[in-house]
Number of protein chains: 2
Amino acid sequence: MTTETTTRSKQTPAQFAGVVKLDQQLCFALYSASGLMTRLYRPLLDPLGLTYPQYLAMLALWERAPSTVGELGEALGLDSATLTPLLKRLEAGGLVTRRRDPADERRVLVEPTAKGQALREQARSVPAAMLCNLPLDADELKSLHHTLTRFVSGLRKADAGRANRD
Amino acid sequence: MTTETTTRSKQTPAQFAGVVKLDQQLCFALYSASGLMTRLYRPLLDPLGLTYPQYLAMLALWERAPSTVGELGEALGLDSATLTPLLKRLEAGGLVTRRRDPADERRVLVEPTAKGQALREQARSVPAAMLCNLPLDADELKSLHHTLTRFVSGLRKADAGRANRD
DNA sequence: TACTAAACAATCGCGCACGATTTAAATGGA
DNA sequence: TCCATTTAAATCGTGCGCGATTGTTTAGTA
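Please read these numbers as outputs of a predicted model, since none were measured by experiment.

Q: Would you mind showing me how to read the environment of T68 of chain B here?
A: Residue and element names in this part refer to chain B. Secondary-structure assignment places T68 in strand β1 (residues 67–68). Separated by 30 residues in sequence, T68 and R98 have C-alpha atoms that sit 9.1 Å apart. Beyond its immediate sequence surroundings of up to four residues, T68 is in contact with R107, V108 and L109.

As structure tokens, this is what we get:
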């Protein structure tokens with residue numbers, strides 16, 4: 001393989017170099033934005049005793065319970081090596097229960113406890129509070145969300161392709 | 001303070017709820033995109049023996065060396081608790097040197113070694129290879145980059161504000 | 001029915017990320 | 001000059017994130 005790369009559209013070398021630079025900045029912006037966003041969630045989630053990934057897991061479980069570890073992993077894009085300890089921490093905090101599925105002993109069913117359900121009420125104010133932190137107006141938010149959603153689904157496909165090649 | 005939140009523009013409750021939902025999805029999309037992007041960098045960076053944050057640190061050092069730990073932290077948005085061990089690993093790999101600044105013994109100067117400089121040549125093909133993974137055309141890339149850059153600089157401001165309140 | 005393969009969660013090791021604290025050096029007055 | 005304050009990096013503890021491996025259960029098949 002040479003440095004010749006198959007791009008979707010024909011471009012001059014100068015345009016190509018510019019796009020390359022841009023994608024590098026884009027990746028870094030994504031990395032930065034994700035970290036900053038997590039930091040802004042922290043003061044909102046600390047009172048609930050949750051981290052951002054734990055909050056995501058609870059959101060998923062409030063939507064659908066019981067869920068298996070695998071289903072949560074699918075929803076959040078995380079694997080069992082990440083989720084198992086995270087769920088154990090939620091369990092230790094009394095927010096969820098974990099039990100083997102009697103119908104298939106390979107699976108583990110996760111479910112909010114009463115305390116975990118009660119937390120949902122406290123968590124209702126989080127999204128609106130977070131919105132106040134976001135520095136974009138509704139239109140920009142919409143545009144960013146739209147492009148980013150396409151981006152993520154494309155990345156997911158690329159990632160799945162990579163995973164199937166071994 | 002009540003649940004009444006000060007948003008930039010006046011909206012009906014229904015619109016407000018929609019935007020709240022959107023920002024939640026946006027944050028998750030950001031979180032997912034960042035993780036996916038790191039995963040896609042991995043096969044490109046593994047041959048270089050770098051992780052993505054290490055790659056970012058080397059990019060910064062290739063641009064400007066020597067840099068202090070604080071300058072790198074400023075550039076990458078990381079603090080010394082993250083950078084010190086990361087830089088020690090790069091040092092252990094023979095890619096950078098770390099030494100106290102003789103003019104100010106509080107500072108530590110970090111600089112690529114010859115091996116670290118040589119790595120730059122190998123790393124030249126990374127951005128173009130990464131670009132092939134990205135599922136957007138040049139225009140979308142540009143638009144995403146533009147919105148995201150505004151977003152990040154806004155978040156940075158919000159984050160700085162939060163930091164100054166204690 | 002055996003025996004292999006696949007699916008699922010858990011575990012291990014390593015690296016990032018950060019809040020809080022500590023140590024050391026420089027700075028700025030009284 | 002002396003001392004309090006500030007600045008810079010390192011350290012500690014906890015929690016994500018994941019590649020690789022392991023153990024167990026289920027499914028598929030000869």
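Q: Mind showing me how you'd approach the protein's contact with DNA strand C here?
A: Residues in contact with DNA strand C amount to 27 residues; listed here are only the nearest, R39, T84, K88 and R98 of chain A together with R89 of chain B. Here DNA strand C approaches the protein such that, of its atoms within 4 Å, sugar and phosphate make up 77%. Y31 of chain A has a polar side-chain atom sitting 2.6 Å from a phosphate oxygen of DNA strand C. Contact distances for DNA strand C include 3.4 Å between a phosphate oxygen and a backbone N or O atom of V108 of chain A. At the level of elements, α1 (13–45), α3 (69–76), α4 (80–92), β2 (96–101) and β3 (104–112) of chain A together with α2 (52–63), α4 (80–92) and β3 (104–112) of chain B are the ones that each hand at least two residues to the surface near DNA strand C. Tallied by class, the residues present in the surface near DNA strand C amount to 8 nonpolar, 7 polar and 12 charged.

Q: So what exactly am I meant to see when it comes to the relation of the copies chain B and chain A here?
A: The operation relating the two chain copies consists of a rotation about an axis and a shift along that axis. Superposition record for chain B on chain A: RMSD 0.0 Å, screw rotation 180°, translation along axis 0.0 Å. Given the turn and translation reported, the copies of this chain are related as if by a two-fold rotation axis. When the interface residues of chain B are mapped onto chain A, 100% of them again fall at the interface, so both copies present the same face.

Q: Explain the sheet that holds strand β1 (residues 67–68) of chain A here, please?
A: Sheets are built from strands that pair by backbone hydrogen bonding, the pairs being arranged parallel or antiparallel. Residues and elements named next belong to chain A. The 3 strands lie next to each other as β1-β3-β2, forming an open sheet whose pairing is antiparallel. The open sheet is flanked by β1 and β2, the only strands paired with a single partner. Relative to β3, β2 is paired through 6 bridges, and the arrangement is antiparallel. The residue of β3 that forms the bridge with T97 is E111.

Q: Please explain the side chain of Q24 of chain A as it appears in this structure.
A: Its place among the elements puts Q24 of chain A in helix α1. A residue is classified by how much of its surface remains accessible, and Q24 of chain A, at 16% relative accessible area, is buried.

Q: Please explain the protein's contact with DNA strand D as it appears in this structure.
A: Neighbouring DNA strand D are 28 residues; R89 of chain A together with Y31, R39, T84 and R98 of chain B lie closest to it. Counting only atoms of DNA strand D within 4 Å of the protein, the fraction found in sugar and phosphate groups is 77%. Note that a phosphate oxygen of DNA strand D is positioned 2.6 Å from one of the side-chain N or O atoms of K88 of chain B. Between a base oxygen of DNA strand D and a side-chain N or O atom of R106 of chain B, the distance comes to 3.3 Å. The set of elements that each furnish at least two residues to the surface near DNA strand D consists of α2 (52–63), α4 and β3 of chain A together with α1 (13–45), α3 (69–76), α4, β2 (96–101) and β3 of chain B.

Q: Mind showing me how you'd approach the interface of chain B and chain A here?
A: How large an interface is tends to be reported as the accessible area lost when its parts come together. Facing the 63 residues of chain B at the interface are 63 residues of chain A. Of the roughly 6400 Å² buried at the junction of chain B and chain A (both faces included), carbon and sulfur atoms supply 73%. One can count 3 salt bridges joining chain B with chain A. In this structure, E140 of chain B engages R150 of chain A in a salt bridge whose closest nitrogen and oxygen atoms are separated by 2.6 Å. Secondary-structure elements contributing two or more residues to the side of chain B that touches chain A are α1, α2, α3, α6 (126–133) and α7 (138–164) of chain B. With 22 residues, α1 of chain B is the single largest residue contributor to the side of chain B that touches chain A. Residue composition of the side of chain B that touches chain A, by class: 40 nonpolar, 13 polar and 10 charged.

Cut-offs and rules
Along each chain, residues carry numbers from 1 onward, in the same order as the chain's sequence is written. Just so you know, chain letters begin at A and ligand numbers begin at 1, following the order they were written in. Residues qualify for local features only when their pLDDT is at least 70, as the model is predicted, and side-chain atom pairs are given and counted only at 80 or more; totals for whole chains, interfaces and linings, by contrast, use all residues. Where side-chain values are given, they derive from all heavy atoms of the structure, hydrogens and water being excluded. Only runs of H or I of at least four residues qualify as helices and only runs of E of at least two qualify as strands under DSSP, and these elements are numbered from the N terminus. Contacts were defined at the residue level, with two residues in contact if any of their heavy atoms lie within 4.5 Å. The near set for a molecule or strand comprises every residue that places at least one heavy atom within 4 Å of it. Any pair of N or O atoms that falls within 3.5 Å is considered a polar contact. Within protein, one atom must be able to donate a hydrogen and the other to accept it, and sequence-neighbouring residues count only if both atoms are side-chain atoms. Any residue that is not Ala, Val, Leu, Ile, Met, Phe, Trp, Tyr, Cys, Pro, Asp, Glu, Lys or Arg is counted as polar, Gly included; the first ten are nonpolar and the last four charged. Here the copies are matched by least squares. The fit uses the C-alpha atoms of residues with pLDDT of at least 70 in both. Two strands are said to pair when DSSP picks up at least two bridges between them. Note on classification: 1.4 Å probe, protein chains only; a residue is buried when its accessible area is under 20% of the maximum for its type, exposed when over 50%, partly exposed between these limits. When two components associate, each loses some accessible surface as probed by a 1.4 Å sphere; the sum of these losses over both components is called the buried area. Criterion for a salt bridge: a side-chain nitrogen of Lys or Arg within 4 Å of a carboxyl oxygen of Asp or Glu.

Limitation: the analysis is restricted to geometry and does not speak to function.
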